[in-house]
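A structural walkthrough
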Amino acid sequence: METQPLLLPPLSDHGEVITFYAYRNDGSRSAALANLAVLLARRRAAYSPVLMIDWDLQAPALQQYFAAPRNHPGVLELFEACAQQLALHQPNGICDDTLLAYEVLAAVDWEQYVLRVDEGSQLYLMPAGRLDEQYCERLAAFDWEMLFRRCPALFRCFAAQMACHFRHILVDAESGHGDTAGLCTTLLPRKLVMLFGPERASLEGGCAMVRRAASYRCSHEDEQRPLLVYPVAVQLEADDARLRSLRRHGDGLRHAGYQQELEQLLADCYGLRQLSLDSYCDEVQLQCSRDEAQQLAVQATPEGDRHTLARSYETLLAWLEPGHYPWQSRTQLAVLDQLTLLPAQLAGNSLVLAQARLQQELGLLYGQQQRWHEALACFEPALQVRQQLLGTEQSETLASKAAVAQAQFQLGQLEAAQILQECVAEARIRLLGADHPDTLAARSALAVTLGARGCSQQAMLIYDEVLAVYGRVLGSQHRLTLACRGERAQQLFQQAEFEAARSAQEQLLADRKRCLGSEHADTLDSRSALAWTMLQLDEPDVAHSLLDAVLQISIKRHGLHHAAVQQARAALTEMLKQTGSHAGQHPGQADLVPELRQDGALDAYDEALLQPLQPLHPLGPEVAQRTAEQLLALDQLPATPRPPGS
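Okay, so let's go over this structure. As the structure is a computational prediction, the values presented were derived from the model and not from experiment.

Examining the overall build of the protein chain
Of regular secondary structure, the protein chain possesses 28 helices and eight strands. Relative to its full complement of 646 residues, the protein chain shows a buried share of 49%. A separation of at least 24 residues holds for 69% of the contacts in the protein chain among residues at least 6 apart in sequence. Just so you have it, the protein chain exposes about 29,900 Å², and 51% of that area is on carbon and sulfur atoms.

Structure below.
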C-alpha cells in the first residue's frame, strides 16, 4: 500500500479517544475496534476522520484487517522519537510539564506514523510499529515507565493532539495489567470499552482495571477528566440461551451474574446508589465467531440482517457514539436522539412544544426507574413551557402538573405536591366533570398525598367519594375500582387500623383473584400488602406464607432473574429479618432457593377468600372479618392464641 501525505486540518471541535480493553485477549477486542472504526468512518465519510491506534505492541492485530504494510512505523517508533527528544532537553529547561510535552510532540511530526487504510472513507491507522527483525528487541528495550516519569503529561497531550485532527481515536490496548495497558485505559481515553469473555478471570480482571483507571482519574489533579465506561459481554458462538442467562444473572444463590457485578462497579465509579443495566445488557452483547475473527463483519454481512454480529456492533454504537450512559434504557436513548434532531426539523413555538413533549416522556421513563430527581428535572421545564404557550388549564399542562406533583411526592416534597394536586383536581372537576376518569385519578392522587401528610379523614373522605363514582360508573370489579380500594386499604394500614385494613385487603385479594387471576401482578400486590398487615397483627406465619407465595408465583411466571422476583425475595428477606426468623423455620424457606413448589395451604386460603361469609360492598365499613384462628386454619398452620386486648 502506497503511503500518501495526510491532509488532516484541525477539527472545528475536539474529537474523543475510545480505548478498547480486555483482560484476556481472544481476538474479540481488536475485531470489535476494527468493525466499529469502519462504521464510524463511513457514517460521515466526507468529514469524519477516524484513527485506529494499535497499542497492543506484544500482539498487534489491526493491520491484518486492512492489509496494511508491515514495515510502516507506528506507536513504538513515535515514542522512541519522543524519548530521544526528551533526552535533548536539560532537566530545568522547561518547567511546565504540559508545555514540554507539546514541544516534544511537535518535534516528532506524528503524521509520518499514520497511514490511510480505506479509500472509501477517512479511516486511518497508526500501527504498532515497524515489524522487522529488530522489532521484538526494540520493544523489550523500551521503558514506558521511565518515559512517563520524565514527562507525565506526554500521553495525555498526545491524546489531546490526536483529538484535534480526528473525530474518533480508537485505541487497541494490550491485555493484562501491564504498563501500556494502564496508560491506554487511564491516561488516554474519554470512553473505555471493557470487553470480557465467559471466564470469571476475564470479568474480574477487567473490573479491576476499570476501578484502577477511575481511582487514578479521581486522585490526580491533572487527570480529573470524564471517563465513560461501556462493559461488553462476549459470548461464545456455541452457547445456548440458558448458559448465557446463567452467566448474566447468576444462579440466585451462591454466584452473582456479570450484570450484578457491573451494576455495582459502575455505581461505585460514578457515586450512584443504584442503577440498572437491564436494557443495556439485553441489547449489547457480542458473539465470538471463529468465521468472522479475521474479517470485517460490517463488510461481510448483508445490510438489514438483524441476526448478525454487524448489527451487534451497531447496537453498541447507539450508546457509545453519543456518549449515553449504559444505565440509560434503549427507549430513553430514542427520546434523547429525537431531542437532538428536533432543532433541524422544527422552529419557533412548534419546536419548544415538541421539546416539552419529549421532556415529559423522558421524565416518565425516569420515573419508571424510580429516578425521581432526573424525572423532576424533565417535568418542571415541560410544565413551564406548556403553561406559557398553552395556558394553565389545558390538558397537557394539567398532565405536566400531575407529573411534577408525583415526582415531588416521591421525593418527600409533600406540601408542594398537595398544592399542585389540588389545582389539578379542581380544574378537572370544573372542565371535565366529577365522574371523568382523569378527575377521579387526580382526586385519588391527592388522597394519597393527604394520607402521607397525616390528613387521614380528608383522605378517607376522598377515597369513599371516588369509590362511589367508580362503583356506579365502572362497576365494583373494574380494575380502576380495585386499584382505588387497594389505596384505601393502604391508608387504613398507615393509620394503624390494622383489623380494618386486614378485612379490606382480604376482600380485595379475593376479588382480584376472581377478576384478574391468582397470578396477576395486582393480585400479588394484594397478597404482599396483606402479608405486612398480618405481621402487624402478630401473625408472622401467615405473613411469611403470603410473601412466600408471591415469590414462588413470580419465579414461575418470570424466571429467577426478573426484577419482580428480586423484589419479592427482598421483601421476604426483610420480613424474616424483622421477625428474627430463619428461612428454615418458616414457610418462607423455599423463598431462598430456586425450586418451585405448589403451596396447597395458600390455595386453600385463597379459595376461602373467594367465598366471603357475608355480602361485601367496596365502600362499606362493615366487612367480613375472620379471627386469626380461622386464617391459620385456612393455611393449615397451628393456631396461636391472640394477645389480650387485640
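So, the sheet that holds strand E5 (residues 168–172)
Hydrogen bonding along the main chain pairs the strands of a sheet, whether they run parallel or antiparallel. The strand order across the open sheet formed by eight strands is E3-E4-E2-E5-E1-E6-E7-E8, and the pairing between neighbours is mixed. Bordering the open sheet on either side are strand E3 (115–118) and strand E8 (285–288), each of which pairs with just one other strand. With strand direction ignored, the average angle separating the axes of adjacent strands in the sheet is 25 degrees. Here strand E2 (residues 50–54) runs beside E5; their pairing, made up of five bridges, is parallel.

Observations regarding the nonpolar core
Within the largest apolar cluster, 113 residues are counted, with the highest numbers of intra-cluster contacts made by Trp55, Phe79, Trp144, Phe158, Leu188 and Tyr313. Filtering out sequence-adjacent residues up to four positions away, Leu188 remains in contact with Val17, Thr19, Trp55, Phe155, Phe158, Ala159, Val171, Leu183, Arg217 and Arg225. Membership of the second largest hydrophobic core comes to 22 residues, among which are Leu336, Cys378, Phe379 and Leu383.

Topic: helix H3 (residues 75–88)
Because each turn of an α-helix spans 3.6 residues, side chains separated by three or four positions end up pointing in the same direction. Here H3 is 14 residues long and its end C-alpha atoms lie 20 Å apart, about the 20 Å a rise of 1.5 Å per residue gives. Buried within H3 we find Val75, Leu76, Glu77, Leu78, Phe79, Glu80, Ala81, Cys82 and Leu86. Here the buried face of H3 lies against E2, helix H4 (97–108), strand E4 (123–126), helix H5 (135–141), helix H6 (144–150) and helix H7 (154–163).

So, the pairing of strand E7 (residues 228–236)
Summarising burial for E7: eight of the nine residues are buried, a large majority. Once the chain exits strand E6 (residues 191–196) it traverses helix H9 (residues 200–219) before rejoining the sheet at E7, and the crossover so formed is right-handed.

Concerning unusual backbone geometry
Look at Ala67: it is not a glycine, yet its phi comes out positive at around 50 degrees. Backbone geometry at Ala496 places phi at a positive 65 degrees, although glycine is not the residue there. Position of Ala496 relative to the elements: it lies in the loop between helix H22 (479–494) and helix H23 (498–516).

How each quantity is defined
Residues numbered from 1 in each chain as written. Predicted model: local features only at pLDDT ≥ 70, side-chain atom pairs only at ≥ 80, totals over all residues. Heavy atoms only, no water. Helix = DSSP H or I, 4+ residues; strand = E, 2+ residues; numbered from the N terminus. Buried < 20%, exposed > 50% of the residue type's maximum accessible area, 1.4 Å probe, protein only. Contact = heavy atoms within 4.5 Å. Areas by Shrake-Rupley, 256 points an atom, 1.4 Å probe, with all protein chains shown as cover. Pairing = 2+ DSSP bridges. Axes fitted to C-alpha atoms, helices over the stretch in contact; angles between N-to-C directions. Core = buried A, V, L, I, M, F, W, Y, C linked by side-chain atoms within 4.5 Å. Expected span 1.5 Å × (residues − 1). Right-handed = clockwise from strand over helix to strand, strands pointing away.

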